[in-house]
Amino acid sequence: MPLRQPKPPHAAGHARRVLFAPVPVAPTKPLTLSHVKGLLWSDLVHRATGQLHHVDLLHSWTVGVRNTQTLGFWNHLDRTRPGADYSTCDEEEIGALYVEYQRTRTTGDVSASDGALHPAGARILELWVTRLRDMGIAEGGLRTPTEPPIGLDGLVAMLVDLRLAVDHRRWGGPVHLDATRAGMPLRLLVAADGTANYLASVLRELVPRVRAYDDVVLACDRDSLPDYILVRHVLRRLGARVGLIGLGRVRTAGTRGRIPSSRHGGWQGLTAADLAERYLDRVGPAVYRLGLRLYFTGTLGHGDGRPHRPDLLDRCMGRAARVLKEQGPRADTADALRAHARPHAYVDPYRLTTALLAQHRKAGADSNLLDEVYL
């Protein structure tokens, strides 16, 4: 079943220009349940908001790889497995190597990058495209290498001019993002050895672009919220109107307290590939795509308080089949979508999905909304 892109927005004369930039995912491991949740939320934000406004999705693998963890992992592979062929590896095999690297990594692992994609990363992205297609998510530039529109030196100079950075490189020191006047802590951007972190890459992509848009929407997991609050502060200093979506990770069985990062492993049997293997052939593409969205948006919601329950996911697949079988007539969805976008420029996936289910109980879900946003 083909993937759908957002149609031209309703009332185009009144549409806003929106830049949507979800947090990048580094191609080093399988897509876990938390990744799946973030990707599905992003897809609904993109497609639903695209019915109302002109939305550009900013997602390139170069944002997710120019950081110490990813480059360090690739250098580790080249040093410990020179000449290795990754073309037949699956995500879990490469992910296991990444977990091993995280256990043994040292500060000397990272060297300068020429911007090239490592063969292990290329293989992960190749497999991710299949997972995204299964879920009904357009690739959206995932494998498109792009050079950020501003260099690192230019970014730092701009931040210094805005009194948002402290640059000690001339004395052999680091660069810190400085929003202390707004009550936020210093945040390292460039280490003393010249290595920039992912936050620098995010700002290099966003800072030169925001003036061309009426609104910027950022999305990240809640562990990344402190960084993205800083990003929002920088963009607002540039005059941008910025919305920020923070999502909780998916809590799995036995997890208490803070949910650990997937870089520590623990995702065996709980990946996008596992979901597809369990459901796709059994329920079909349309039910699979809708069922995932009902579960990860309408059931789990924004936070991480509700743990992953396979029985609830099974029930969502059954509910999806009934929604598709009993759907109502096509309708103009613009007014309904606007109701779920207030007070933001973007449509809230949780509110939209719960309203869709309520509509199904009353008179059948809007088939136009299903086709254009959910399938």
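Description of the structure in this document. Because the structure is predicted, anything quoted here is derived from the model rather than measured.

### Re the packing of aromatic side chains
The geometry of an aromatic ring pair is captured by two quantities: the separation of the ring centres and the angle between the planes. Taken as a whole, this structure holds four aromatic pairs when the rule is applied. Aromatic side chains F73 and Y98 sit 5.0 Å apart centroid to centroid with 80° between the ring planes, which places their arrangement in the edge-to-face category. Placement of F73 in helix α3 (residues 68-80) and of Y98 in helix α4 (residues 91-104) is noted, with a sequence separation of 25 residues between them. The two residues F73 and Y98 agree in class, both being buried.

### Section: the pattern of salt bridges
In total, this model carries 17 salt bridges according to the counting rule given. One salt bridge connects R131 with E91, and the closest N-O pair in it is separated by 3.0 Å. One end of the pair, R131, is in helix α5 (residues 119-135); the other, E91, is in helix α4, and 40 residues separate them in sequence. You'll find R131 and E91 in the same group, each marked buried.

### Focus: the pairing of strand β6 (residues 215-221)
Most of β6 sits out of view: seven of its seven residues are buried. The alternating pattern of β6 places D215, V217, A219 and D221 and V216, L218 and C220 on opposite faces, both of which are buried. Pairing of strand β1 (residues 17-22) with β6 involves five bridges; the strand directions are parallel. Within β6, the position partnered with L19 by the bridge is V216. Examined bridge by bridge, β6 and strand β7 (residues 242-247) share six bridges and lie parallel to one another.

How each quantity is defined
- Residues numbered from 1 in each chain as written.
- Predicted model: local features only at pLDDT ≥ 70, side-chain atom pairs only at ≥ 80, totals over all residues.
- Heavy atoms only, no water.
- Phe/Tyr/Trp six-rings, centres within 6.5 Å; stacked < 30°, edge-to-face > 60°.
- Helix = DSSP H or I, 4+ residues; strand = E, 2+ residues; numbered from the N terminus.
- Buried < 20%, exposed > 50% of the residue type's maximum accessible area, 1.4 Å probe, protein only.
- Salt bridge = Lys/Arg side-chain N within 4 Å of Asp/Glu carboxyl O.
- Pairing = 2+ DSSP bridges.

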